[in-house]
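# Coordinates in review
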Amino acid sequence: MLTNIEIIRSWYEAPNRDSVAPNAEWLITESFPAGGRYVGLPAIFEKFFPQLHSYFSEWESKVSEMLDAGNCIVALGHYSGRAKLTGTAFTCPFVHIWKLSNGKIVQFRQSADTLTIAQALSANATTP
């Protein structure tokens, strides 16, 4: 059986629905694209992720550090991508807090630099 940090490390390599508990909760910063609370696999995988990716032509989440606190894993890193509407590229920091139980992700809490992303999404932004 994988450790909690191994589960999260593998999530960043290839997100896998099987690693998420059926009643998992995704808490996305309100001012982030598709921000809000999502509960359950359909809400996370059929609503949140498609909504999020509808804003971007390119998207990457890169982790620079992971902190293991047992049933809680904290990931520090950055998002990078390109806004579909404006073509503007961006990079911004994030903090992800993952809670796990019995080898499954039960909660994901995200915090990120929403101003940088909002600027990239703005029709007033210029392409670099």
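The structure reproduced in this document is the subject of the present report. The shown structure was predicted, so the numbers you read here are calculated from the model rather than taken from an experiment. (Residues numbered from 1 in each chain as written. Predicted model: local features only at pLDDT ≥ 70, side-chain atom pairs only at ≥ 80, totals over all residues. Heavy atoms only, no water.)

On to the environment of C72. Among the structural elements, C72 can be located in strand β4 (residues 72-83). Each C-alpha atom of the pair C72 and I7 lies 11 Å from the other, and the pair is 65 residues apart in sequence. Apart from the residues lying within four places of it in its own chain, the contact partners of C72 are L67, I97 and W98. (Helix = DSSP H or I, 4+ residues; strand = E, 2+ residues; numbered from the N terminus. Contact = heavy atoms within 4.5 Å.)

All told, the structure shown has 20 aromatic pairs when counted by the stated rule. Put simply, the rings of W11, Y12, W26, Y38, F45, F48, F49, W98 and F108 pair up and form one aromatic cluster. (Phe/Tyr/Trp six-rings, centres within 6.5 Å; stacked < 30°, edge-to-face > 60°.)

Right, let's talk about helix α1 (residues 4-13) for a bit. An α-helical segment advances 3.6 residues per turn. Residues three or four places apart therefore align on the same side. Here α1 has its buried residues at N4, I5, I7, I8, W11 and Y12. Around the axis of α1, the buried residues are gathered within 160 degrees of arc, so they sit on the same side. Here the buried face of α1 lies against β1 (20-28), α2 (41-53), β3 (56-68), β4, β5 (89-101) and β6 (104-112). (Buried < 20%, exposed > 50% of the residue type's maximum accessible area, 1.4 Å probe, protein only. Arc of directions from axis to C-beta.)

The next subject is the side chain of Q107. Summarising the element assignment, Q107 is placed in strand β6. In this structure the side chain of Q107 is engaged in a polar contact, spanning 2.7 Å, whose partner is the side chain of E25. (Polar contact = N/O pair within 3.5 Å; in protein donor to acceptor, adjacent residues only side chain to side chain.)

One number sums up the size of the largest pocket: a volume of about 310 Å³. Looking at the largest pocket, it is lined by 18 residues, and the ones nearest its centre are W11, P15, F49, W59 and S61. Contributions of two or more residues to the lining of the largest pocket are made by α1, β1, α2, β3, β5 and β6. Among the elements that make up the lining of the largest pocket, the one with the highest residue count is α2 (four residues). In terms of residue class, the lining of the largest pocket is built from 13 nonpolar, four polar and one charged. (1 Å grid on protein atoms, 1.4 Å probe; cavity = no way out; pocket = protein on both sides within 12 Å on 5 of 7 lines; lining within 4 Å. Points joined across faces, edges and corners; volume = space filled by probe spheres on them. Nonpolar A, V, L, I, M, F, W, Y, C, P; charged D, E, K, R; others polar.)

In this section: the sheet that holds β4. Pairing within the open sheet is mixed, and its six strands lie in the order β2-β1-β6-β5-β4-β3. Edge positions in the open sheet fall to β2 (36-39) and β3, since each of these has one partner strand only. Across the sheet, the mean angle from the axis of one strand to that of its neighbour is 20 degrees, orientation sign disregarded. Taken together, the four bridges between β1 and β2 define a ladder with antiparallel strand orientation. Each bridged residue has a counterpart across the sheet, and for I28 the counterpart in β2 is G36. On the sheet, α1 packs against β1, β3, β4, β5 and β6 and is oriented at approximately 145 degrees with respect to β5. (Pairing = 2+ DSSP bridges. Axes fitted to C-alpha atoms, helices over the stretch in contact; angles between N-to-C directions.)

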